[in-house]
Amino acid sequence: MTTAQDNIPRGLALCALGYLCFSMQDATVKWLVATYSVPEILLFRSFVVVAIACLIGRRQGLTLFRPRNPSAILTRASLMLMAWFSYYSAARSLGLAELTTIYFAAPVITVALSVFVLRERVTAGRWAAVLVGFTGVLTAAAPHGEISDLTPALAAFFAAICWGMSSILIRVISRSDSTASQIVLTNGFFAAACAVALPWMWRTPDLAALAMMLGLGVASGFGQFLLYEGFRYAPASVAAPMEYTGLIWAFVYEYLIWNDVPHANVFGGALLIVGASLTLVWSERQRRRGFRGATISSPNTAPQ
């Protein structure tokens, strides 16, 4: 399998669509965890995600289940399992916007780790996009900033750490294994782990809840596929700030589902988030154009 060449605009677009799907997932989880256990929700979600990934990667045949980098995939699956359990548990106590805000420490962690793990060169523009985006997150979430119980907040932050570390591994694993293979193996691991705990936590879902759990899997499956493909084309430090766009959708869903009306600072924060992401896209295009121009002109300046 050949390594995908960097195509940053395509990677950023794929990541943005992936985070839109994940925002739908978060709203569904917030609704379901009030009644059903985390392992049950995650089990249904994982089964649907595996089915979608098998459909997408059907042309790979049995190689879909034969990873070239199994240790990295297993490590990432373990990190993601801890992230999902922590995040789903925190969703019981925190509002959707507040939950998303704490979780959005992940892009900062991803950018920082990309320097040490992937040896990526993080430009001033990339750091600025992360910091401006996070400022937008804090600005938008100000009305929801009071946390009465520290435990859910710490759980959400732990999930952010695990997610930031796993984002780095996506870039590493994508050099050797296909997106579909990663999704099948990771979510198969989730399903097996949740099945062990299920006998003590099972509650038969009604028809509406079952439909939501299956829909959760669809949103998550397509979100993962888009995100994995995005990290295949764009460096982790570049793609990470696109996660901030998910906050906009978090406030939209909180208004539509729980009738929470956003305040003026929410819109101000959203503008910072969108502005940071768009500025990142523009700066990366300019940087790549400058690099290509230097490459083309270099033969003319070489000694004869």
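Definitions and cut-offs
Residues numbered from 1 in each chain as written. Predicted model: local features only at pLDDT ≥ 70, side-chain atom pairs only at ≥ 80, totals over all residues. Heavy atoms only, no water. Helix = DSSP H or I, 4+ residues; strand = E, 2+ residues; numbered from the N terminus. Buried < 20%, exposed > 50% of the residue type's maximum accessible area, 1.4 Å probe, protein only. Areas by Shrake-Rupley, 256 points an atom, 1.4 Å probe, with all protein chains shown as cover. Core = buried A, V, L, I, M, F, W, Y, C linked by side-chain atoms within 4.5 Å. Contact = heavy atoms within 4.5 Å. Patch = residues over 30% accessible without salt bridge, like charges linked within 9 Å, V, L, I, M, F, W, Y side chains within 5 Å. Salt bridge = Lys/Arg side-chain N within 4 Å of Asp/Glu carboxyl O. Phe/Tyr/Trp six-rings, centres within 6.5 Å; stacked < 30°, edge-to-face > 60°. 1 Å grid on protein atoms, 1.4 Å probe; cavity = no way out; pocket = protein on both sides within 12 Å on 5 of 7 lines; lining within 4 Å. Points joined across faces, edges and corners; volume = space filled by probe spheres on them. Nonpolar A, V, L, I, M, F, W, Y, C, P; charged D, E, K, R; others polar. Axes fitted to C-alpha atoms, helices over the stretch in contact; angles between N-to-C directions. Parallel < 35°, antiparallel > 145°, perpendicular 65-115°, else oblique. Left-handed = near helix turned anticlockwise from the far one by under 90°.

> Residues and numbers for the overall build of the chain, please.
Counting secondary structure elements, the chain contains twelve helices and zero strands. From first element to last, N terminus to C terminus, the chain shows the α and β order α-α-α-α-α-α-α-α-α-α-α-α. Burial statistics for the chain: of 304 residues in total, 51% are counted as buried. Accessible area for the chain stands at about 14,100 Å²; split by element, carbon and sulfur atoms hold 67% of it.

> Kindly report on helix 4 (residues 96-103), identifying the contributing residues and their values.
Of all eight residues that make up helix 4, eight are buried, and the element is covered over most of its length. Every buried residue of helix 4 is accounted for by Leu 96, Ala 97, Glu 98, Leu 99, Thr 100, Thr 101, Ile 102 and Tyr 103.

> Describe the nonpolar core, naming the residues involved and giving the relevant values.
If you look at the biggest cluster of nonpolar residues, it comprises 74 residues, and the most contacted ones within it are Tyr 19, Ile 41 and Tyr 88. With ten residues, the top contributor of residues to this core is helix 3 (residues 70-90). With residues near it in sequence (within four places) discarded, Tyr 19 still touches Trp 163, Leu 227, Phe 231, Ala 239, Met 242, Glu 243, Thr 245 and Gly 246.

> Explain a nonpolar patch on the surface residue by residue, including any values.
Together, Trp 31, Trp 249, Val 252, Tyr 255, Leu 256, Ile 257 and Trp 258 line one region of the surface with nonpolar side chains, adding up to about 680 Å² of accessible area. The element contributing the most residues to the nonpolar patch is helix 11 (residues 245-258), with six residues. Looking at the element boundaries, Ile 257 is found in helix 11. A relative accessible area of 39% means that Ile 257 is categorised as partly exposed.

> Describe the packing of aromatic side chains, listing the residues and the values that go with them.
The tally for this structure, following the rule as stated, stands at seven aromatic pairs. Judged by centre distance (6.3 Å) and plane angle (55°), the rings of Tyr 19 and Phe 22 are tilted. Pair noted here: Tyr 19 and Phe 22 are both in helix 1 (residues 8-32), with a separation of three residues, about one helical turn. Owing to a relative accessible area of 4%, Tyr 19 belongs among the buried residues under this scheme. Phe 22 gets classed as buried once you look at its relative accessible area, which sits at 9%.

> So what's going on with empty space enclosed by the protein? Which residues, and what values?
Evaluated as defined, the whole model comprises three cavities of 30 Å³ or more. Space inside the largest cavity adds up to approximately 160 Å³. Lining the largest cavity are 14 residues, and of these Phe 22, Asp 26, Tyr 103, Phe 104 and Glu 243 sit closest to its centre. Elements that contribute at least two residues to the lining of the largest cavity include exactly helix 1, helix 4 and helix 11. Counting residues per element, the lining of the largest cavity draws most heavily on helix 1, at five residues. Here the residues of the lining of the largest cavity are counted per class, giving eight nonpolar, four polar and two charged. Considering only enclosed or pocket space, the second largest cavity measures out at about 50 Å³ in volume. What lines the second largest cavity is Phe 22, Arg 45, Arg 76, Met 80, Trp 84, Trp 163, Thr 186, Phe 190, Gln 224 and Tyr 228. Counting residues per element, the ones that place at least two in the lining of the second largest cavity are helix 3, helix 8 (179-197) and helix 9 (207-233). The biggest single contributor to the lining of the second largest cavity is helix 3, with three residues. Looking at the lining of the second largest cavity residue by residue, the classes come out as six nonpolar, two polar and two charged.

> Can you break down the environment of Leu 94 residue by residue, with the values?
Relative to the assigned elements, Leu 94 resides in the loop between helix 3 and helix 4. Along the sequence, Leu 94 and Ala 153 sit 59 residues apart, while their C-alpha atoms lie 7.7 Å from each other.

> Requested: an account of the packing of helix 2 (residues 38-56) against helix 8, with residues and values cited.
Helix-helix packing: each pair is described by the crossing angle between the helix axes and the interaxial distance. The interhelical angle for the contact between helix 2 and helix 8, taken along N-to-C directions, is 155°, at an axis separation of 8 Å. What the angle tells us is that helix 2 and helix 8 run roughly antiparallel. Relative to helix 8, the crossing made by helix 2 is left-handed. From helix 2, Pro 39, Leu 42, Leu 43, Arg 45, Ser 46, Phe 47, Val 49, Val 50, Ala 53 and Cys 54 reach across to helix 8, where they touch Ala 180, Ile 183, Val 184, Asn 187, Gly 188, Phe 190, Ala 191, Cys 194, Ala 195 and Ala 197.

> Explain the environment of Leu 131 to me, and be specific about the residues and the numbers.
Mapped onto the elements of the fold, Leu 131 is located in helix 6 (residues 124-140). Sequence spacing of Leu 131 and Val 108 is 23 residues, and the spatial spacing of their C-alpha atoms is 7.8 Å.

> With reference to specific residues and values, describe the packing of helix 4 against helix 11.
Relative to each other, helix 4 and helix 11 sit at 165°, their axes nearing to 9 Å. Considered as vectors, helix 4 and helix 11 are oriented roughly antiparallel to each other. Helix-helix and strand crossings are classified by hand; for helix 4 and helix 11 the assignment is right-handed. Contact with helix 4, carried on its side by Leu 96, Ala 97, Thr 100 and Thr 101, involves Leu 247, Ala 250, Phe 251, Tyr 253, Glu 254 and Trp 258 of helix 11 and no other residues of that element.

Honestly, it's all geometry; don't read function into it.
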